[in-house]
Amino acid sequence: MHAHIGVIPPFEGKRLYMARIDPQLIFGCEVVLDTVSSSLRLLENVQIAYCRRLLGLSCRSMIAALFTETGILPLRYRRAILATKYLRYLLDLPPNHYASSALLESVALANAHHLCWAGDLIDVLRHLSLLGGITTSIRTPIHLQLPAMLDSSSVKRLEEDIKAASINGLQEVIASSTKLHLIRARQAHPRPPPISDFRAYLSIPTPAHRKALTRLIASDHSLAIERLWHADQRRPHGVPRPQRLCRLCRGGVEDEAHALIGCNALLLRDCRLLFRTRLAQVNNYLAESWPTFQPYDLLLRIIASDSCTRIFARYVFDIFQIFDAEPIFSSSS
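Since the structure is predicted, the reported quantities are computational estimates derived from the model, not experimental observations.

Brief notes about the layout of surface pockets
Unoccupied space between atoms shows up once a probe the size of one water molecule is rolled over them. If you add up the space inside the largest pocket, you get close to 600 Å³. Those elements that provide at least two residues to the lining of the largest pocket are helix H10 (181-187), helix H11 (207-217), helix H16 (295-304) and helix H17 (309-324). Considering every element that reaches the lining of the largest pocket, the biggest residue donor is H16, with five residues. For the lining of the largest pocket, the class distribution of residues is 15 nonpolar, three polar and six charged.

Let's talk about unusual backbone geometry
Positive phi outside glycine occurs at histidine 113, with the angle close to 65 degrees. Residue placement: histidine 113 occurs in the loop between helix H6 (98-111) and helix H7 (117-126). Phi angles above zero are rare outside glycine, and serine 219 is one such case at about 55 degrees. Along the chain, serine 219 turns up in the loop between H11 and helix H12 (224-227).

Considering the environment of glutamate 326
Note that glutamate 326 resides in the segment after H17. You can call glutamate 326 partly exposed: its relative accessible area is 32%. A sequence separation of 79 residues divides glutamate 326 from arginine 247, and the C-alpha atoms of the two residues are 7.1 Å apart. Discounting residues that sit within four places of it in the chain, glutamate 326 has contacts with Arg247, Leu248 and Leu267.

Some thoughts on the pattern of salt bridges
Think of it this way: side chains of opposite charge can pair up when their charged atoms draw near. Tallying each qualifying case throughout the model produces 15 salt bridges. A salt bridge links arginine 88 to glutamate 159; the nearest nitrogen and oxygen atoms lie 2.9 Å apart. Pair noted here: arginine 88 is in helix H5 (residues 75-91) and glutamate 159 is in helix H9 (residues 152-176), with a separation of 71 residues, a long-range link. Note that lysine 163 is salt-bridged to glutamate 160, the shortest N-O span being 4.0 Å. A residue pair is termed a helical-turn pair when its members lie 3 or 4 positions apart in one helix, as lysine 163 and glutamate 160 do in helix H9 at three residues. Several salt bridges converge on common partners, so that one network encompasses Arg41, Glu44 and Arg76.

Examining the nonpolar core
Ranked by size, the top nonpolar core spans 95 residues in total, and within it Leu121, Leu125, Met149, Ile162, Leu260, Ile302 and Phe312 carry the most contacts. Considering each element in turn, this core owes the most residues, nine residues, to H17. Dropping the residues within four chain positions of it, isoleucine 302 is found in contact with Ile261, Phe275, Leu286, Trp290, Cys308 and Phe312.

Concerning the side chain of serine 106
Topologically, serine 106 is positioned in helix H6. Side-chain polar atoms of serine 106 contact the backbone nitrogen of alanine 118, separated by 2.9 Å. If sequence neighbours within four positions are ignored, serine 106 has contacts with Cys116, Trp117 and Ala118.

Some details on the packing of aromatic side chains
For any two aromatic rings, the description comes down to two numbers: the centre-to-centre distance and the angle of the planes. With the rule as written, the count across this model stands at nine aromatic pairs. An angle of 25 degrees between the planes, with centres 6.0 Å apart, marks the rings of tyrosine 86 and tyrosine 89 as stacked. Placement of the pair is tyrosine 86 and tyrosine 89 together in helix H5, with a separation of three residues, close to one helical turn. With a relative accessible area of 25%, tyrosine 86 lands in the partly exposed category. By relative accessible area, tyrosine 89 is classed as partly exposed at 45%.

Section: H9
End to end, H9 covers 36 Å across 25 residues, agreeing with the expected 36 Å (1.5 Å per residue, within 8%). Listing the buried residues of H9 in full gives Ser154, Val155, Leu158, Glu159, Ile162, Ala165, Ser166, Gly169, Leu170, Val173 and Ile174.

What counts, and where the lines are drawn
- Residues numbered from 1 in each chain as written.
- Predicted model: local features only at pLDDT ≥ 70, side-chain atom pairs only at ≥ 80, totals over all residues.
- Heavy atoms only, no water.
- 1 Å grid on protein atoms, 1.4 Å probe; cavity = no way out; pocket = protein on both sides within 12 Å on 5 of 7 lines; lining within 4 Å.
- Points joined across faces, edges and corners; volume = space filled by probe spheres on them.
- Helix = DSSP H or I, 4+ residues; strand = E, 2+ residues; numbered from the N terminus.
- Nonpolar A, V, L, I, M, F, W, Y, C, P; charged D, E, K, R; others polar.
- Buried < 20%, exposed > 50% of the residue type's maximum accessible area, 1.4 Å probe, protein only.
- Contact = heavy atoms within 4.5 Å.
- Salt bridge = Lys/Arg side-chain N within 4 Å of Asp/Glu carboxyl O.
- Core = buried A, V, L, I, M, F, W, Y, C linked by side-chain atoms within 4.5 Å.
- Polar contact = N/O pair within 3.5 Å; in protein donor to acceptor, adjacent residues only side chain to side chain.
- Phe/Tyr/Trp six-rings, centres within 6.5 Å; stacked < 30°, edge-to-face > 60°.
- Expected span 1.5 Å × (residues − 1).

By themselves these figures say nothing about function.
Below, the structure is given as structure tokens:
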């Protein structure tokens, strides 16, 4: 598809996902519940791979960022919500309906501790978890009692509880992750945006600039702070943070704030002067106050400013290009 139509913008890509892929991933989920985690993981891998491709992120990117930046609901929570909606549908049926009778039989079997649909639903909700990274997960259990299963209002509240569990899971991942610090800082704002939403910067028209900014926010870039975090054969435990020095100036840790704001390498001078000139045209306060802010604080202010989004994305792309052209430095090598 890419060869025929080029890069699909994220907004259209999300609509395409909901129209063509999501129906395949939720088919039959209200009847065949997710009691086998390995089978569910196969479906989740499809959702994760699509979202990474949509955002331009690598296979090592944090999974939680895929949902915070697109507004797409993690698949296991979506399937659980649809299962509870089906339960509410069964409860609204007349008592003489076969499906209503089947539900009562299933609840009776669950009361007797036999395998059944009602028991499986309770078990699925109890073991809900959110994948935070490649191997980590955050447990967000929902406890459903059998008497409440036959109360339509309780089941309706259960749907909201599942959505809240998804949000709480994302918040817990973000709060505990050193990689998602820019997303965490965004949520620390006095009036924070929704934790999971389609972000405005994903509408930047130039794909390369949009992907560069996305990689910055999701911490999926090629700066040393990220690259040297991963273990390999030569560095089984990765490189300690103080040793991930800037490849251009060796004057500090090569993190996002240093590369974009603080590094004084000559290679960056022209690019940074051009950005500050453009910044003065859209946000003169930040341009004039540049020397008074700490690099990380200024970085957060620029990211938070909607008027700066396009020029900042272009600047991030240019800076990443300069860094990528130089070999990464490791003091342990």
